[in-house]
Amino acid sequence: MSSRPAPPAVSVRGLVKRFGRTTAVDGLDLDLPAGSVLALLGPNGAGKTTTVEICEGFLDADAGEIRVLGTDPAGAPEALRARIGVMPQGGGAYPGVHAGEMLRLVAACAAHPLDPAWLLTVLGLDSAARTPYKRLSGGQQQRLALACAVVGRPELVFLDEPTAGMDPQGRRLVWELIEALRRDGVAVLLTTHLMEEAEALADDVVIVDHGKVVAHGSPMALTSGGQQRELRFRAKPGMDLDGLAASLPADYRAAETKSGRYLVQGRIDPSVLSTITAWCAQQGALADDVQVARRSLEDVFLELTGKELRQ
């Protein structure tokens, strides 16, 4: 007899939120399975933070059905708060409190917290334990906020821009902690402007714009579609590209971007690769440093949401 699948940690159907005449979230759906990481992406003002704050229970929805760990989060019921961790933008700590004191205070509110001293060490904050929050660097403040979000052993964690302002070492450390949370069965919903971060961490990606979902899928599924793959290679300069263009399908493009460096844009498959290498051979050249690249998540994001700057 097979066991029933676990219900999603977060389930949102038809979410609508308005602020006056502005519709911040317009019929949004999403699911976050237990023990997985979902990245919620979108330009500034797309509705990400509003969606997350409704799921956390800090805002009420105007319409839609929201379930967080099987519970309606409206009003942030105490039983639900005990099961989730929240890392807001801006840290949320008292300016004068020491880092260690802040984490111990949060831990004291949990039934079975992690050891605060151990967590400070894991996040590289042990040397700053007696430093007032206002004197911590931006990256240290972010890591302390993350520590406060996970010290209570939550089943679900909301992370809003978890590595903003961090150096590469701090970012890598936070990534490792998020991966450890997933291995321990904790569900993670994160918002980020770092496409590399979403690709590295997320099992699923939801891209929103103007309050609506415009794309949904795994990072691999989102980046493998379309005709925007590229092949780059080096060969002798000045080869006749007309012959290559005649051998490729009509919607492909080929160019010599620099002397001896070539770019072919289109769907790159074994047949196309064979055509390119045969064309090189006909001209007495050997294709060197051949690189096939699929679209990045940033390419997909910009295609869907545009390239103009948002305030």
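Remember, predicted model here, so these are calculated numbers, not experimental data.

Things to note about the packing of helix 5 (residues 138-150) against helix 6 (residues 168-183)
- In the contact formed by helix 5 and helix 6, the axes pass within 12 Å of each other and the chain directions differ by 10°. One element, helix 5, and the other, helix 6, form an angle in the roughly parallel class. For the pair helix 5 and helix 6, the contacting residues are R143, L146 and V150 in the first and V174, L177 and L181 in the second.
- Considering only residue class, the contact of helix 5 with helix 6 consists of 5 nonpolar, no polar and 1 charged.

Looking at the sheet that holds strand 11 (residues 253-258)
- In spatial order, the strands read 11-12-10-13; together these 4 strands make up an open sheet with antiparallel pairing. Unpaired on one side and paired on the other, strand 11 and strand 13 (288-293) mark the two borders of the sheet. Strand-to-strand, the axes of this sheet are offset by a mean angle of 20°, without reference to chain direction.
- On the sheet, helix 10 (residues 270-282) packs against strand 10 (230-234), strand 12 (261-265) and strand 13 and is oriented at approximately 25° with respect to strand 10.

What about the layout of surface pockets?
- Counted as a void, the largest pocket has a volume near 840 Å³.
- R81, I84, G85, V106 and C148 are the residues nearest the centre of the largest pocket, which is lined by 31 residues in total.
- The set of elements that each furnish at least two residues to the lining of the largest pocket consists of helix 2 (78-81), strand 5 (84-87), helix 3 (99-108) and helix 5.
- Considering every element that reaches the lining of the largest pocket, the biggest residue donor is helix 5, with 4 residues.
- For the lining of the largest pocket, the class distribution of residues is 20 nonpolar, 5 polar and 6 charged.
- What lines the second largest pocket is L114, W118, L119, V122, V150, R153, P154, L177, A180, L181, D184 and V186.
- Put simply, the parts of the chain that give the lining of the second largest pocket at least two residues each are helix 4 (116-122) and helix 6.
- Its residues assigned to classes, the lining of the second largest pocket comprises 10 nonpolar, no polar and 2 charged.

About the criteria used
- The written sequence of each chain sets the order in which its residues are numbered from 1.
- Predicted model: local features are reported for residues with pLDDT of at least 70 only, side-chain atom pairs are reported and counted for 80 or more only, and whole-chain, interface and lining totals are derived from all residues.
- Hydrogens and water are ignored here; the side-chain numbers use all heavy atoms of the structure.
- For helices, the fitted axis covers only the stretch in contact; all axes are lines through C-alpha atoms, and the angles between them, taken along N-to-C directions, range from 0 to 180 degrees.
- Counting from the N terminus, the helices are DSSP H or I runs at least four residues long and the strands are E runs at least two residues long.
- In this scheme, roughly parallel covers angles under 35 degrees and roughly antiparallel covers those over 145, while 65 to 115 is roughly perpendicular and the rest are oblique.
- Residues are treated as being in contact if the distance between any of their heavy atoms lies within 4.5 Å.
- Gly falls in the polar group here, along with every residue not listed as nonpolar (Ala, Val, Leu, Ile, Met, Phe, Trp, Tyr, Cys, Pro) or charged (Asp, Glu, Lys, Arg).
- Pairing between two strands is assigned when DSSP locates at least 2 bridges connecting them.
- Think of a 1 Å grid over just the protein atoms. A cavity is a set of points where a 1.4 Å probe fits yet cannot get out, a pocket is an open set with protein on both sides within 12 Å along at least five of seven lines, and lining residues have an atom within 4 Å of a point.
- Grid points are joined across faces, edges and corners, and a volume is the space filled by probe spheres set on the points.

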